[in-house]
Each structure stands twice: as structure tokens, then as C-alpha cells.
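Listed here are the chains, written in short residue letters.
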Amino acid sequence: MATVRTPDPNPGWLSDEELEQIRQRLPLVYIEAVPVRVDGMGTVTDVGVLLRATDSGSITRTLVSGRVMYGETLRDALFRHLEKDLGPMAFPQLPASPVPFSVAEYFPFPSPTRFSDDRQHAVSLAYVVPVTGTCDPRQDALELTWLSPAEAATDRVSDEMEGGRGALLRSALASVGVLP
């Protein structure tokens, strides 16, 4: 008699073992988001940077980020990770176009790019996303710090960010015309 299998209710997820195997063989697609507050004219007034503890126990600054699941649109992935990291009341205003301000390529070894990720080769699509609600960091985010664009562009903040994300943050600020 044939065994009837129940379909996986969430086929986009990988087990830890599957993810580790895939990370050794293929680049993975990620989204990254720079949460911002804007004034009535759409000018960025504040930039949100997350504080996280790494697997090694150090504390670093980072951006909203995460994998795009199989069958998931970029918009859905962006919304899911913004809600996961900033909470359900952040009310992100997703861009009308899924075109990112930058594409970052992370490598687990020395590379010509300024981005690194010890776990994998990853291609990340990066967005600037205004949020209008209350942000309450969740998951592995310890806090969300709101900085002025000038503060966010400093070497001090860049040095606190992991994997070269300080350069990505500066690119985000340049893309919206507020790089000091």
C-alpha cells in the first residue's frame, strides 16, 4: 500500500542540515533593509540600526536582513523580515518598485567586494524602507537605535557593523540624498 504524505505546510524552509549543505554549494538570495523615518517632504530624518549579539558572543550593529524563501516574492520577504525584526506595529512603507538601491555580494573568504559572511556566499538586495509605526525589535535583535543621517554615516557606526554593512548603510544614505 502506498504511503500518503501530507504536503509540507511551509515548503520554503530548510532544515538546519539542508541549509548548511546548500550554503556550501550555492549562493543564497537575501534582502536587507535600512529602516528610516521621513518628514512630510519625504526627506530622511532618522535611520534605524539594529543591535545584535553574534554567535561568537560579540555585540554588533546591523541592518534588517534575511533569506528569501523558495516561492516568496521580494516584497513578501522584505515585509516578513521587517516585521520579524521591527515588530508588527512598525508599519513599513514598502517601495512601489522591487528594484533595490544596491546589490551586495557577501563571501566567506577574502574577496574583491567589501562584504563578508563567514557562513556563506550570499547575494543581497538592499532597500531603504520608511516605517511609520512603533518599532519593537524582536527575534535576535536586542534594540533598534534611531540615528540622524550624519550619525549613521560616521566611522564609529560603520566600525560597529558586521560584514561591511557600514559601507552598505552609507550607500543607502547616498541613494536617498542625505549622505553628509
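All values reported here derive from a predicted model rather than from experimental measurement.

### Quick look at the environment of Ala141
Along the polypeptide, Ala141 turns up in strand 7 (residues 141-147). Sequence separation of Ala141 and Glu162 is 21 residues, and the distance between their C-alpha atoms is 14 Å. Those residues in contact with Ala141 that sit more than four places away from it in its chain are Leu50, Leu51, Arg52 and Asp85.

### Notes on the pairing of strand 6 (residues 122-130)
Among the 9 residues of strand 6, 7 are classified as buried, and the element is accordingly described as predominantly covered. One ladder, built from 9 bridges, connects strand 1 (residues 28-38) with strand 6; its direction is parallel. From the neighbouring strand, Ala33 faces strand 6, where its bridge partner is Tyr127. Inspection of the sheet shows strand 5 (residues 102-106) paired to strand 6 by 5 bridges, in the antiparallel sense. Looking across to strand 6, one finds that Val103 is bridged to Leu125.

Conventions adopted
- Residues numbered from 1 in each chain as written.
- Predicted model: local features only at pLDDT ≥ 70, side-chain atom pairs only at ≥ 80, totals over all residues.
- Heavy atoms only, no water.
- Helix = DSSP H or I, 4+ residues; strand = E, 2+ residues; numbered from the N terminus.
- Contact = heavy atoms within 4.5 Å.
- Buried < 20%, exposed > 50% of the residue type's maximum accessible area, 1.4 Å probe, protein only.
- Pairing = 2+ DSSP bridges.

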